[in-house]
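Coordinate analysis (summary)
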Amino acid sequence: MPQQRHDHCDPRDPPHAIVRTIGHERRSIVRLCDEIIDEMARCGYPDAARFALRLAWEEAISNAIHHGNRDRPDGTIEVAWHVDSRRTCVRITDQGEGFDPASIPDPTLDENLDCPTGRGLLLMRAYMTRVVFDPPGNTVHLIYDNPASGG
Amino acid sequence: MTAQQSRLRIRRQDQITIVEFVDRNILDEANIAQIGEEIGAIVNDDPNPKLLISFANVDHLSSAALGALITINSRIKGKDGQLRLADINNQIIEVFRITRLDRLFQIHPGTREALASFT
């Protein structure tokens with residue numbers, strides 16, 4: 001059973017964030033994303049916001065599984081999330097050693113356009129209000145401000 | 001061992017192979033790998049591949065799906081073939097613009113325009 005807590009263990013998590021630990025199984029990854037997106041719908045986020053969160057979630061989870069946990073079948077990912085009508089915060093922490101986001105080549109340069117990998121970070125940053133990595137880089141915070149909340 | 005269910009709907013029109021996706025969300029990396037293999041087999045079997053990929057049913061895709069498309073594009077170019085993308089909704093076309101992949105791929109609004117663009 002996934003662990004669930006309503007306190008926050010990371011000082012950057014919002015108060016009352018829900019914290020869960022999931023494995024790499026596709027079903028639990030989709031189910032948790034659906035929970036977050038359902039809560040966004042209840043809080044009045046527009047369809048485009050939910051599209052954005054699902055995309056950023058997929059990219060962050062993929063990075064956690066492949067680059068962080070190196071595809072270990074027993075790898076786990078800690079997710080902390082909180083949604084209110086103003087902001088959605090999702091923290092994703094893997095078990096890896098982290099990385100330097102600045103070391104990722106710009107995939108939009110002409111010479112990198114036909115490289116099949118390296119676009120996840122670009123998409124996270126494009127679709128979220130803010131993307132913050134905690135050193136050493138194995139924790140990413142996806143932060144999305146609800147455009148429908150009127151600031 | 002059970003046969004995998006295809007993730008694609010495939011039909012031929014003249015010399016062109018038209019591919020549509022079964023899934024609305026192209027996010028699961030196992031499915032993306034299967035899609036890459038299925039389209040790769042089409043490209044391998046055709047000495048002069050002309051492929052149209054329609055996104056008519058697709059609501060979401062990830063960077064892994066973009067990666068699979070780039071690999072397919074490279075293989076088709078390697079055989080002097082042609083690849084066209086069509087029927088991409090506004091949210092997903094934005095993903096292509098952000099990644100600048102709208103410059104790598106020939107993207108058409110609809111299947112009819114895409115079919116007419118093959119030479």
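Structure's up top.
Since this is a predicted model, take the numbers as computed values, not measurements.

Re the overall build of chain A
- Looking only at helices and strands, one finds three helices and six strands in chain A.
- By the compact-globule yardstick of 15 Å for 151 residues, chain A fits well, its C-alpha radius of gyration being 15 Å.
- In terms of overall dimensions, chain A has a C-alpha envelope of 45 × 35 × 30 Å along the principal axes.
- Counting only contacts in chain A whose residues sit at least 6 apart along the sequence, the fraction spanning at least 24 positions is 59%.
- Surface exposure of chain A reaches about 7,500 Å², of which carbon and sulfur atoms provide 52%.
- Distance between charge centroids for chain A: 5 Å, based on 17 positive and 24 negative side chains.

Re helix H1 (residues 26-42) of chain A
All names here are of chain A.
- Across its 17 residues, H1 extends 24 Å between first and last C-alpha, which sits within 8% of the 24 Å expected from 1.5 Å per residue.
- Turning to H1, its buried residues are Ser28, Ile29, Leu32, Cys33, Ile36, Ile37 and Met40. Looking down the long axis of H1, one finds its buried residues gathered within 165° of arc, a one-sided arrangement. With respect to the buried face of H1, the exposed residues turned more than 90 degrees away are Arg27 and Arg42.
- Contacts from the buried residues of H1 go to strand E2 (18-22), helix H2 (47-68), strand E3 (77-83) and strand E4 (87-93).
- Backbone geometry just after H1 places glycine 44 at a positive phi near 85°.

As for the sheet that holds strand E7 (residues 107-108) of chain B
Residues and elements named next belong to chain B.
- Taken in spatial order, the five strands of this open sheet run E1-E2-E4-E6-E7, and their pairing is mixed. Strand pairing shows two members of the sheet lacking a second neighbour, strand E1 (8-13) and E7, which therefore form its edges.
- Note that strand E6 (residues 82-86) and E7 share two bridges and pair parallel. From the neighbouring strand, alanine 86 faces E7, where its bridge partner is histidine 108.

Examining the nonpolar core
- Within the largest apolar cluster, 67 residues are counted, with the highest numbers of intra-cluster contacts made by A:Trp57, A:Ile92, A:Leu142, B:Leu51, B:Ile53, B:Phe55 and B:Phe96.
- Top element by residues in this core is H2(A). It accounts for eleven residues.
- In this structure, B:Phe55 is in contact with B:Phe21, B:Leu61, B:Leu69, B:Leu85, B:Ala86, B:Asp87, B:Ile88 and B:Phe96, ignoring residues within four places of it in sequence.

Digging into the side chain of A:Asp94
All names here are of chain A.
- Here aspartate 94 lies in the loop between E4 and helix H3 (120-127).
- One buried charged residue, aspartate 94, forms no salt bridge at all, with the nearest opposite charge on arginine 72 at 8.1 Å.
- A polar side-chain atom of aspartate 94 sits 2.7 Å from the main-chain amide nitrogen of glycine 96.

Some details on unusual backbone geometry
- Residue A:Pro136 follows A:Pro135 across a cis peptide bond; omega there is 5°.
- Mapping A:Pro136 onto the fold places it in the loop between strand E5 (130-134) and strand E6 (139-145).
- For B:Arg100, which is not glycine, the phi torsion reads 65° and is therefore positive.
- Tracing the backbone shows B:Arg100 in the loop between helix H3 (90-98) and E7.

Rules used in this analysis
Residues numbered from 1 in each chain as written. Chains lettered and ligands numbered in written order. Predicted model: local features only at pLDDT ≥ 70, side-chain atom pairs only at ≥ 80, totals over all residues. Heavy atoms only, no water. Helix = DSSP H or I, 4+ residues; strand = E, 2+ residues; numbered from the N terminus. Rg over C-alpha atoms; globule rule 2.2 N^0.38 Å. Contact = heavy atoms within 4.5 Å. Areas by Shrake-Rupley, 256 points an atom, 1.4 Å probe, with all protein chains shown as cover. Lys, Arg positive; Asp, Glu negative; His and termini not counted. Charge placed at Lys NZ, Arg CZ, Asp CG, Glu CD. Expected span 1.5 Å × (residues − 1). Buried < 20%, exposed > 50% of the residue type's maximum accessible area, 1.4 Å probe, protein only. Arc of directions from axis to C-beta. Pairing = 2+ DSSP bridges. Core = buried A, V, L, I, M, F, W, Y, C linked by side-chain atoms within 4.5 Å. Salt bridge = Lys/Arg side-chain N within 4 Å of Asp/Glu carboxyl O. Polar contact = N/O pair within 3.5 Å; in protein donor to acceptor, adjacent residues only side chain to side chain.

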